[in-house]
Amino acid sequence: MNYPWFTISHNWSPVEFIINNPVDIVVMVFYFLLVLGIGLSTGSSPPPPVRRDSSAFAELLSTLQPRSVLSSSRGTVEEFFLAGRNLAWWLIGASLFSASTGTANLMSLAGTGAASGIAVGAFEWNAPFLLCVLGWIFSPIYIKAGVVTMPEYLRKRFGGYRIQFLLAILYLLLYIFYNISVEICTGAMFVRLVLGLDVYLATIVLLIVTGIYIITGGFVAVVYTATLHAGVIVLGSVLLMGFAFKEVGGYQELLQKYLNAKPSIIHEGNWTAKPECYLPRQDAFHIFRDPITGDLPWPGIIFGISIISLYYWCTDQVFVQRCLAGRSMSHVKGGCVLCGYLKLLPMFSLVMTGMISRILYPDKVACVTPSECEKHCDIRTSCTPIAYPMLIVELLPKGARGLMLSALWASLMSTLTSVFNSASTLFTVDIYTRIRPMATEKELMVTGRFFVIILLVVTIIWVPVIQTAHSEQMFEYMQSVKSYLVPPIAAIFLLAIFCKRVTEQGAFWGLTGGLLIGVVRMVSEFAYGPWTCSGNNKCPPIICGVHYLYFAIILFIVSLFTILGISLFTDPIPDKHLHRLCWSLRNSQEERVDLDAEVQGKRPALRAKPDVLKETQGCFWKALDMFCGLEPKPCSKLAPEEATTEKMKEHGATSERTDHRDKLESPFWRKIANVSGFLLLLITVLCHIFYY
């Protein structure tokens, strides 16, 4: 999730932190090789079919079998971008968690926790609620729609191409200028601060390693390596949490000592820092804070974060893509529940660990005078970003420190690979098929891989830009990029699912209007410069006086009413086009006539069979095709039921048979998923009550 961003400079001083211990270096190198090996040795070949009458234990064992890249087919849209729609629950859950826990996430949770307490953990504890919404409400609709991307769902739901194109472009811009930028910047800080390596060289090596298995293995390689990353992230963060709590004296000592953790130097010349700039907040151990004076007001915590999380978990291609690839609805729900339980950990393993860092190193982490902060982290405003690296370097023994550094590498690699693969999916399915509607299946696969290479090149070029930019200002406002742009997206998907009356005209102009309002607010804040505790904020109160979470709520409501208002003045969409595309018609057995049937008819590659691929001549090209999963595969004849389905697709009609994963849902595992989801929500509510 995204958080109130702290400032990050490009001139980190690595003098105090360089890691050159051989044991730690060996652990990190071994982890890199392990990631590369797993990325190249797993693929998307379908597992042995599970009989409907098989035992629940046999079904569970069948989900634990990895696939080999060299023996698997990755030459179709569904196989390369959705792993053949065959992911098990543990892969879905672990990869969801890993994709949401980047280096920026680790650093910002600990840093913001050190600065203001546990309220920032509400971003993590909001996730279980929205993950259940994703697993039980949104995913079944997306799966029954038979889509590959989120913009494609809006095209099916509303018809037309302009919403699909606008949303695809917006997603790509957010991925490049937000996700990739934030991760590369925090990764660069980590490389310089802790390792003392050349940022440009280290980034190139990292991107080459990740690029190899993304291009060759596709989405399934991303998921398997993300699962490894998730395990290392959880293990490393929990290990560091144990050392941190032991060093501070336990939980009770944390409660007592944090409120007294202040720097010893608060004067510089004739200037004295304001008490609110260096004293810990008195409500540091409360999630729900004053609606006026709180840094994270409780209405914003309840409603604002939920709106942003609705976009983040239920409409962002990075996360929904993992649910679309699920083997059955039981596996999708199980994956969402697993991720939800894992999202309960960061409050303790990251936020409170960052607060302990302030207790142990108050003069560094909580510095307030410009000269002191510049001495410790080369930033004149705050050094809270170094809270987590300080603990890694100072507390962990040899070997364990290498594991924790590998966890930071894992978080960076997982986020970047997820973004690269999802961006490639969006470009190939939503943009390239419009440019080349008659593109073959193999052409689409080559295009998807080539777009990943383009993103890798753009990222490498982007590294020196980030290093030379005025990063203190840029990253102070990275939070606003999503807070001011995503509420209209959340509104349009929410209404698309729950309101049949919404039309294409209302959806398009509501989305466009909301984006324009958000851009005006965002540009205004960038223009007036960053806010600092000790400085004077020149931004007018009418622009910057509204908390960004409150603004998200206002923008969401404005977008909702705009979409509904315009839709009421346009003709409604007949039900024959909406079967299994919205909540009220989710269980309809009637055939659906897709609004985009004419467009789909011009795109045979999206439903082509493997035998349409032509034999490649030459040994080199044969080997390359086999390595990338593009070699021709024999195609078995369709069963009568499947043949009927194909004929219906050709005429733009789809029925319940288009996706049979609901029918494969075992009653036993459905009950297990439902009970586990209920317990997850109950535990999350109790956690909120305890730290209210």
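Refer to the structure above for everything that follows.
These remarks concern the structure in this document.

Criteria and cut-off values
- Residues numbered from 1 in each chain as written.
- Predicted model: local features only at pLDDT ≥ 70, side-chain atom pairs only at ≥ 80, totals over all residues.
- Heavy atoms only, no water.
- Disulfide = S-S within 2.5 Å.
- Buried < 20%, exposed > 50% of the residue type's maximum accessible area, 1.4 Å probe, protein only.
- Core = buried A, V, L, I, M, F, W, Y, C linked by side-chain atoms within 4.5 Å.
- Helix = DSSP H or I, 4+ residues; strand = E, 2+ residues; numbered from the N terminus.
- Contact = heavy atoms within 4.5 Å.
- Expected span 1.5 Å × (residues − 1).
- Phe/Tyr/Trp six-rings, centres within 6.5 Å; stacked < 30°, edge-to-face > 60°.
- Lys NZ or Arg CZ within 6 Å of the ring centre and 35° of its normal.

A separate point is the state of the cysteines. Counting across every chain of the model gives one disulfide. Bridging Cys-367 to Cys-373, the disulfide has an S-S length of 2.2 Å. Taking the sign of the S-S torsion, about 120° here, the bridge from Cys-367 to Cys-373 comes out right-handed. Since its relative accessible area comes to 0%, Cys-373 is described here as buried. No disulfide involves Cys-339; its sulfur sits 7.5 Å from that of Cys-336, the nearest cysteine. Free cysteine Cys-582: the closest other cysteine sulfur is in Cys-499, separated by 9.0 Å. Given the relative accessible area of 1%, Cys-582 is considered buried.

Core analysis: the biggest nonpolar cluster contains 192 residues, and Tyr-153 and Phe-493 have the highest contact counts within it. Broken down by element, this core gets its largest block of residues, 22 residues, from helix H10 (residues 199–248). With residues up to four places along the chain from it excluded, the contact list for Phe-493 reads Phe-138, Tyr-142, Met-150, Tyr-153, Leu-154, Leu-167, Tyr-171 and Thr-315. The next biggest cluster of nonpolar side chains, apart from the first, holds five residues, and it includes Ile-266, Ala-273, Cys-277 and Val-368.

Moving on to helix H5 (residues 103–116). For H5, built from 14 residues, the straight-helix expectation of 20 Å at 1.5 Å per residue is met to within 8% by its first-to-last C-alpha distance of 20 Å. Most of H5 is tucked away, with 13 of its 14 residues classed as buried. Looking at the residues trailing H5, positive phi occurs at Gly-117, about 105°.

Moving on, we get to the environment of Leu-426. By the secondary structure assignment, Leu-426 is in helix H20 (residues 400–435). Here Leu-426 falls in the buried class, since its relative accessible area comes to 0%. Sequence separation between Leu-426 and Gly-448 is 22 residues, and the spatial gap between their C-alpha atoms is 9.1 Å. With residues near it in sequence (within four places) discarded, Leu-426 still touches Thr-149, Pro-151, Tyr-171, Leu-172, Tyr-175, Gln-317 and Ile-431.

To continue, consider helix H31 (residues 667–690). For H31, with 24 residues, the first-to-last C-alpha span of 35 Å sits near the 34 Å given by 1.5 Å per residue. If you check which residues of H31 are buried, you get Ala-673, Gly-677, Leu-680, Thr-684, Cys-687 and His-688. On its buried face, H31 sits against helix H6 (122–125), helix H7 (127–145) and helix H15 (329–342).

It is worth spelling out the packing of aromatic side chains at this point. Scanning the entire structure with this criterion turns up 24 aromatic pairs. Ring geometry for Tyr-142 against Phe-493: centres 6.5 Å apart, planes inclined by 90°, an arrangement best described as edge-to-face. With Tyr-142 in helix H7 and Phe-493 in helix H24 (residues 487–498), the pair connects residues that are 351 residues apart, well separated along the chain. Classification of Tyr-142 as buried rests on a relative accessible area of 0%. For Phe-493, a relative accessible area of 0% translates into the label buried. Each ring, one from Phe-690 and one from Tyr-691, has its centre 4.8 Å from the other, and the planes form 80°; the classification is edge-to-face. Judged by relative accessible area, which is 60%, Phe-690 ranks as exposed. Put simply, the rings of Trp-125, Phe-348, Phe-690 and Tyr-691 pair up and form one aromatic cluster. Here the basic side chain of Arg-434 rests over the ring of Tyr-161, its NZ or CZ set 4.2 Å away from the ring centre.

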